[in-house]
Amino acid sequence: GFIFVRGSIPDAETLLGFIEGLYKTFGYYLVFFGAILEGMFLIGLYVPGSATVLLGASLSKTGVVQYPIVLILATLGLLISYSINYLLGKYGWYHVLARLGLNKGLDIAKDKLEKHQTKTIFLGYFHPGSASFLSTAAGVLSIPFKKFFLLSLLSQLFWSLLWGSLAYVFGTTLVELFLKYFGFVVVGLVGIWLLRKRLRK
């Protein structure tokens, strides 16, 4: 079971104050490098980059960081990672992944890109996870870089504006709720992970 010692776990207000202080000092660095790591193929699966970006957008309502700068840095960071994925795909990264048995997702992304490039990139960029597959697959298919970059820029700007605006509108309310019920969130996520693992078997 879980044992909570009274007074050992800070409340939501204390945690929020700590996060605000952290973003006041390192906020733009967290957003920029968090976005880069989140958009990197495979690496993004293990790095909560989206959380750092959305936190930045949420906290911008309090004035800790500036919303336009957060939006620009997040978009720029993701575009850098997608460009790296493209180059890795174009210059042999795909063959390494194939040998490791990790090419299934890339094959799906390649198939979709071959049929509808613009539509696939636009819809697929709704989340950095799927965008990392698509940007790598774009390199494997040798889609002209200028075309790839332009589609990536326009698509990512749209999704950054959408998700960033939602985070900004709700401000710190969602952050406070998340921190307040953090324990339940963790237990829920672990439960979902165990259920998915069992269903796969």
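What you are looking at is a predicted structure, and each value in this text was computed from that prediction instead of being measured.

S.K.: Please set out the overall build of the protein residue by residue, giving values where relevant.
M.R.: Helix and strand counts for the protein come out as ten helices and zero strands. Secondary structure elements of the protein occur, N-terminal to C-terminal, as α-α-α-α-α-α-α-α-α-α. Here the protein, with 201 residues, has 36% of them falling under the buried criterion. The long-range fraction of contacts in the protein, counting pairs at least 24 apart against all pairs at least 6 apart in sequence, stands at 77%. When the accessible surface of the protein is split by element, carbon and sulfur atoms take 71% of a total near 12600 Å².

S.K.: Give me helix α7 (residues 128–140): which residues, what numbers.
M.R.: Between its terminal C-alpha atoms α7 stretches 18 Å, which fits the 18 Å expected from 13 residues at 1.5 Å a residue. Following α7 by one or two positions, serine 142 adopts a phi angle in the positive range, close to 55°.

S.K.: Which residues make up the nonpolar core, and what values go with them?
M.R.: In this structure, Val31, Tyr82, Leu113, Tyr125, Ala138 and Phe148 are the most contacted members of the largest nonpolar core, which totals 33 residues. Secondary-structure elements contributing two or more residues to this core are α1 (12–39), α2 (49–59), α3 (67–90), α5 (104–115), α7 and α8 (145–170). No other element matches the eight residues that α3 contributes to this core. With residues near it in sequence (within four places) discarded, tyrosine 82 still touches Gly39, Tyr125, Pro128, Ala131, Ser132, Ser135, Phe148 and Gln156.

S.K.: Before we move on, could you go through the packing of aromatic side chains and cite the residues and values that matter?
M.R.: Counted by the stated rule, this structure contains 13 aromatic pairs. Considering the side-chain rings of phenylalanine 41 and phenylalanine 133, the 4.7 Å spacing of their centres and the 85° angle between planes classify their relative orientation as edge-to-face. Of the two residues, phenylalanine 41 is situated in the loop between α1 and α2 and phenylalanine 133 in helix α7; the sequence distance between them amounts to 92 residues. Judged by its relative accessible area of 4%, phenylalanine 41 is buried. When its relative accessible area of 24% is taken as the criterion, phenylalanine 133 is described as partly exposed. On the numbers, 4.7 Å between centres and 20° between planes, the contact of tyrosine 86 with phenylalanine 148 is stacked. Here tyrosine 86 is found in helix α3, whereas its partner phenylalanine 148 is found in helix α8, with 62 residues between them in sequence. Overall, the relative accessible area of 1% leaves phenylalanine 148 in the buried class. In textbook terms, an aromatic cluster arises when at least three aromatic residues are bridged by ring pairs, as seen for Phe122, Phe126, Phe158, Trp159 and Trp163. Note that lysine 61 overlies the ring of tyrosine 168, its terminal NZ or CZ placed 5.9 Å from the centroid.

S.K.: Tell me about the environment of threonine 52, and name the residues and values.
M.R.: With respect to the secondary-structure elements, threonine 52 resides in helix α2. Sequence separation of threonine 52 and tyrosine 29 is 23 residues, and the distance between their C-alpha atoms is 9.8 Å. Residue contacts for threonine 52: discarding those within four places in its chain leaves Tyr23, Leu30, Val31 and Gly34.

S.K.: Could you give an account of unusual backbone geometry, naming the residues involved and the relevant values?
M.R.: The residue serine 142 is not glycine, and still its phi comes out positive at about 55°. Counting through the fold element by element, serine 142 comes out in the loop between α7 and α8.

S.K.: Lay out the confidence of the model for the protein with the relevant residues and their values.
M.R.: This prediction gives the protein a mean pLDDT of 77; 68% of its residues lie at or above 70. Mean pLDDT values over the elements of the protein span from 57, in helix α10 (residues 182–200), up to 92, in α3.

S.K.: How would you explain a nonpolar patch on the surface if you had to name every residue and give the values?
M.R.: A contiguous nonpolar surface patch, about 970 Å² in accessible area, is contributed by Leu54, Phe122, Leu123, Phe126, Phe158, Leu162, Trp163, Leu166, Tyr168, Val169 and Phe170. Elements supplying a minimum of two residues to the nonpolar patch: α6 (117–124) and α8. When residues of the nonpolar patch are assigned to their parent elements, the largest contribution, seven residues, is made by α8.

S.K.: Describe α8, with residues and values.
M.R.: With 26 residues, α8 ought to run about 38 Å at 1.5 Å a step, and its terminal C-alpha atoms sit 37 Å apart, in line with that. Of the positions making up α8, those classed as buried are Phe148, Leu151, Ser152, Ser155, Gln156, Trp159, Ser160, Gly164 and Ala167.

Rules of the game
- Residues numbered from 1 in each chain as written.
- Predicted model: local features only at pLDDT ≥ 70, side-chain atom pairs only at ≥ 80, totals over all residues.
- Heavy atoms only, no water.
- Helix = DSSP H or I, 4+ residues; strand = E, 2+ residues; numbered from the N terminus.
- Buried < 20%, exposed > 50% of the residue type's maximum accessible area, 1.4 Å probe, protein only.
- Contact = heavy atoms within 4.5 Å.
- Areas by Shrake-Rupley, 256 points an atom, 1.4 Å probe, with all protein chains shown as cover.
- Expected span 1.5 Å × (residues − 1).
- Core = buried A, V, L, I, M, F, W, Y, C linked by side-chain atoms within 4.5 Å.
- Phe/Tyr/Trp six-rings, centres within 6.5 Å; stacked < 30°, edge-to-face > 60°.
- Lys NZ or Arg CZ within 6 Å of the ring centre and 35° of its normal.
- pLDDT = per-residue confidence, 0-100.
- Patch = residues over 30% accessible without salt bridge, like charges linked within 9 Å, V, L, I, M, F, W, Y side chains within 5 Å.
- Salt bridge = Lys/Arg side-chain N within 4 Å of Asp/Glu carboxyl O.

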